[in-house]
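# Descriptive structure summary
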Amino acid sequence: ATSSSQQPAELGRSTTQQQHTLQNPALAELRTFRSAASEISRDVSTTSSLLAELSRLVKTGAGGTRMFADESANERADALVLRIKQNIEGLHHRLEEASYTLERSKRRLGKNSQAGMEASNLVGQLKEEFVKTTSGFKAVLEERSDGMKDTNDRKRRVIGDG
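I will try to describe carefully the structure that is included in this document. (Residues numbered from 1 in each chain as written. Predicted model: local features only at pLDDT ≥ 70, side-chain atom pairs only at ≥ 80, totals over all residues. Heavy atoms only, no water.)

A word on the overall build of the protein. Scanning the protein from terminus to terminus reveals four helices and zero strands. The order of α-helices and β-strands along the protein, N terminus first, is α-α-α-α. Counting the 162 residues in the protein, one finds 31% classified as buried. Sequence-distant contacts, at least 24 apart, represent 75% of the contacts inside the protein between residues at least 6 apart. Summed over its atoms, the accessible surface of the protein is roughly 10,700 Å², and 51% of this surface lies on carbon and sulfur atoms. (Helix = DSSP H or I, 4+ residues; strand = E, 2+ residues; numbered from the N terminus. Buried < 20%, exposed > 50% of the residue type's maximum accessible area, 1.4 Å probe, protein only. Contact = heavy atoms within 4.5 Å. Areas by Shrake-Rupley, 256 points an atom, 1.4 Å probe, with all protein chains shown as cover.)

So this is what it looks like as structure tokens:
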């Protein structure tokens, strides 16, 4: 019998499961991996939100795509581009590290372990989200670049080649 003052064993895990985890470094590594994957997922979501803001700026003609665009919108768009680019580079590196950690853990656990397969699925989902975000960033950059080029062409036609 357990007294009401005792804490449940690590969120409901039995003492046997805790001992197994302590004895199996691959399972402990997978727990660390899941924590890192959660952070990566959160950061992909944050980057997607920044991308949505940049996309709004570009689609409304701010961010350097209008002839007389607000300078603060241009500065905000430039800052977003830089931050998104940095986030994507960091996420790429962290996804590579997560994949490496996962492969190492799967070798220790065996390729058919349920924990390893679940972690593989998680990495696959994270990579899909990352690719979508990266592709979206590329598309918004192209749209912004095209808009800036059109704006410059219009300015040349209005002002002349000088």
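There is more to say, and it comes next.
Along its 39 residues, helix α3 (residues 71-109) runs 56 Å from first to last C-alpha, staying within 8% of the 57 Å computed at 1.5 Å per residue. Positive backbone phi, at 105 degrees, marks G110, one or two positions downstream of α3. (Expected span 1.5 Å × (residues − 1).)

What follows deals with the packing of helix α2 (residues 25-59) against α3. Viewed as axis vectors pointing N to C, α2 and α3 meet at an angle of 160 degrees, and their least axial separation amounts to 9 Å. Here α3 runs roughly antiparallel to α2, going by the angle between their axes. The handedness of the crossing between α2 and α3 is left-handed. Class assignment for the residues of the contact of α2 with α3 results in 22 nonpolar, five polar and nine charged. (Axes fitted to C-alpha atoms, helices over the stretch in contact; angles between N-to-C directions. Parallel < 35°, antiparallel > 145°, perpendicular 65-115°, else oblique. Left-handed = near helix turned anticlockwise from the far one by under 90°. Nonpolar A, V, L, I, M, F, W, Y, C, P; charged D, E, K, R; others polar.)

Take the side chain of S99 next. Secondary-structure assignment places S99 in helix α3. Using a relative accessible area of 14% as the deciding quantity, one classes S99 as buried. If we ignore the near neighbours within four places in the chain, the residues touching S99 are V123 and K127.

This paragraph deals with the pattern of salt bridges. A complete count under the given rule lists nine salt bridges for this structure. Among the salt bridges present, the one from D43 reaches R94, with a minimum N-O distance of 2.6 Å. Of this pair, D43 sits in helix α2 while R94 sits in helix α3; the two residues are 51 residues apart in sequence, bridging distant segments of the chain. Residue R94 is classed as partly exposed on the basis of its relative accessible area of 26%. Here the salt bridges share partners, and the residues they tie into one network are E29, R104 and R108. (Salt bridge = Lys/Arg side-chain N within 4 Å of Asp/Glu carboxyl O.)

Another aspect to go through is the nonpolar core. With 28 residues, the main nonpolar core has L30, F33, I40, L54, I84 and F137 as its most contacted residues. Looking at this core, the elements with two or more residues in it are α2, α3 and α4 (114-159). The biggest single contributor to this core is α2, with eleven residues. The residues contacting I84, other than those within four sequence positions of it, are T47, L50, L51, L54 and F137. (Core = buried A, V, L, I, M, F, W, Y, C linked by side-chain atoms within 4.5 Å.)

So, to be careful, I would describe these as geometric facts and stop short of saying anything about function.
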